[in-house]
Amino acid sequence: MNKLLILFSIATCLLISACNDDEPKDTSELIHMWVSAQTTETFIWGDDNHENPIECMQVKYSLDGSWKPMMFGTIEYFQYEKGVEYELSVVRNAISNPPADGSAYTYRLERIINHRVVTANTNGIDSCIEIPSEGKDFDIDFTTNAPCEIVRVTGDLFGESELLQLYDSGYNCGYSLRLKIPKNTGMGRVKLLTLRFSNGDEKEIGIWQMPRTFSVSETFVLPSAGSLGYMMGNDVTNYGKIRDVEIIGAMNANDSYYLKRILESHNYQGYGEKPVYTLNLTHSGFVTGDKGKYSSCGICDVKNEDLPSVYTNEVPSGVFTSNKYLLKVTLPEDIKAINASAFSHCVSLGKINIPSSCTEIDSQAFGSCTSLTNVNFPYISQEIDLPHLQTVGEGAFSNIGRLESFVLPESLRLVATTALSFYVDRLFCLTEEPPVWEVPGNAGYVIGPKPDGCTLFVPFGCSEAYKASEKWSQFEIEEMPEDKWWEMIP
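Residues numbered from 1 in each chain as written. Predicted model: local features only at pLDDT ≥ 70, side-chain atom pairs only at ≥ 80, totals over all residues. Heavy atoms only, no water.

Novice: Can you tell me about the overall build of the protein, naming the residues and giving the values?
Specialist: A tally of helices and strands in the protein yields six helices and 33 strands. Within the protein, buried positions represent 44% of all 490 residues. Taking contacts inside the protein between residues at least 6 apart in sequence as the whole, the part at least 24 apart equals 60%. For the protein, the exposed area adds up to about 24600 Å²; of that, 49% sits on carbon and sulfur atoms. (Helix = DSSP H or I, 4+ residues; strand = E, 2+ residues; numbered from the N terminus. Buried < 20%, exposed > 50% of the residue type's maximum accessible area, 1.4 Å probe, protein only. Contact = heavy atoms within 4.5 Å. Areas by Shrake-Rupley, 256 points an atom, 1.4 Å probe, with all protein chains shown as cover.)

Novice: Explain the sheet that holds strand β20 (residues 314–315) residue by residue, including any values.
Specialist: Across the sheet, which stays open at both edges, the six strands sit in the order β20-β22-β24-β26-β28-β30 with parallel pairing between neighbours. Two strands close off the open sheet at either side, each with one partner strand: β20 and β30 (436–437). (Pairing = 2+ DSSP bridges.)

Novice: Lay out the nonpolar core with the relevant residues and their values.
Specialist: If you look at the biggest cluster of nonpolar residues, it comprises 88 residues, and the most contacted ones within it are Phe 220, Ile 338, Phe 343, Phe 366, Phe 397 and Phe 406. At five residues, helix α4 (residues 253–263) tops the list of elements feeding residues into this core. Setting aside residues up to four positions removed in sequence, Phe 366 forms contacts with Ile 338, Phe 343, Ser 344, Leu 349, Ile 352, Ile 354, Ile 361, Leu 372, Ala 396, Phe 397, Ser 398 and Ile 400. Within the second largest apolar cluster, 38 residues are counted, among which are Phe 78, Tyr 86, Cys 148 and Phe 158. (Core = buried A, V, L, I, M, F, W, Y, C linked by side-chain atoms within 4.5 Å.)

Novice: Mind laying out the pairing of strand β21 (residues 326–330), listing which residues take part and the relevant values?
Specialist: Here strand β18 (residues 277–280) pairs with β21 via four bridges, running parallel. Looking at the pairing, Thr 278 lines up with Lys 328 of β21. Here β21 pairs with strand β23 (residues 351–353) via two bridges, running parallel. Looking across to β23, one finds that Lys 328 is bridged to Lys 351.

Novice: Quick rundown of the environment of Ile 113? Include the residues and the values.
Specialist: In this structure, Ile 113 sits in strand β7 (residues 105–117). For Ile 113, a relative accessible area of 28% puts it in the partly exposed group.

Novice: Before we move on, can you summarise the pattern of salt bridges with the specific residues and values?
Specialist: All chains considered together, the criterion is met by eight salt bridges. Ionic pairing is found between Glu 85 and Arg 116, a salt bridge with its closest N-O pair at 3.3 Å. One end of the pair, Glu 85, is in strand β6 (residues 84–94); the other, Arg 116, is in strand β7, with 31 residues separating them in the sequence. A residue is classified by how much of its surface remains accessible, and Glu 85, at 32% relative accessible area, is partly exposed. (Salt bridge = Lys/Arg side-chain N within 4 Å of Asp/Glu carboxyl O.)

Pasting the structure below:
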């Protein structure tokens, strides 16, 4: 019996041993892998609708092979850096019984054969660094995949900046940017630090310091179109104190956007003294462009859809529309057009000048400016170039305040039907031939005179031509003196 039991046990062991020899085992091999400098996206197992893409590496197993996605951290001991291209020697282990929702392989880095920085990048430092007006001394630590240095400093040269290298391991470098910024006693200012990397890439870092506390009257001298935003800073409560604004230098759409923020930053809540503003653009103007920014560092960058349209030497359409706190505007003498609705519904606007170079006042340019009682024509003094105004569009001066006088210059050719729908005591038309008024009608409707009538003053010897016009004959017409006629105009 014992002999039989021993024989049975031996047979069982032999059978089990034979079965174990037949089971599959994990196998390992040394392979080459290439890792792209660019990442891609993949989806985890179970995300059948591909709703949650995940960033991952791209790898291939031969030089002419196709790139395949691989999750970060899949290769043990390998730390991937974006922008770096790798050639690796990797131990690939084939799993004999892989899980149903997992990979059939595991990977372990054997060595990095080669690597090359394709795109330089940084971590830990922003493209725009904001500094308070009081100044600040501090260090910013950051890492990069390639050695770098400061090669240029441009813009407003204020304060000190120094780049300190902390460590360098080829494609993983550490730096500290040391900044010493003094107190700002002027407008907001920006300087640009340009970093150059070992592969030739460059990166601009903007150092933006906020302006000092603003006073009631401020003059902004723009170093370039698009720079008003950084000169103002981003503290609305600061520039909300401004009431008199002067802009010197060319403005673009970006500047128009930030100027509007000044004129709407009063924090008036319907009680207390109502704020009013004066705006002096005598030494300014509008340049071409629908987007402006100081530099590529993104400071004061505004999306296109948030900006008004801007035209060379023209007041942009709608740029000041519905600003109910704008009291007085002085336009530059090189303005060639005041575009549609540029100042419409500025209900506090009381005074505006029409530059001699302006050829067109477009529709509703000053529509519903109900407080507008002084439209200044500086060329009447004969000390400035002759006027160029040719067209006054529909509703350009409709529903404005009662005027003491209004001047239609000798260059005028066309007046739209409802262009002059306002009350005026004395109307001066300086053309020898009556300008075209598109639709004849009742002068009391198109130009609402005082109840006892509006007097139309015309050049010496031209009254008969106006009396022969169906439109202009509705007025009481008087001729101006032949000499020094301009002295009649307030």
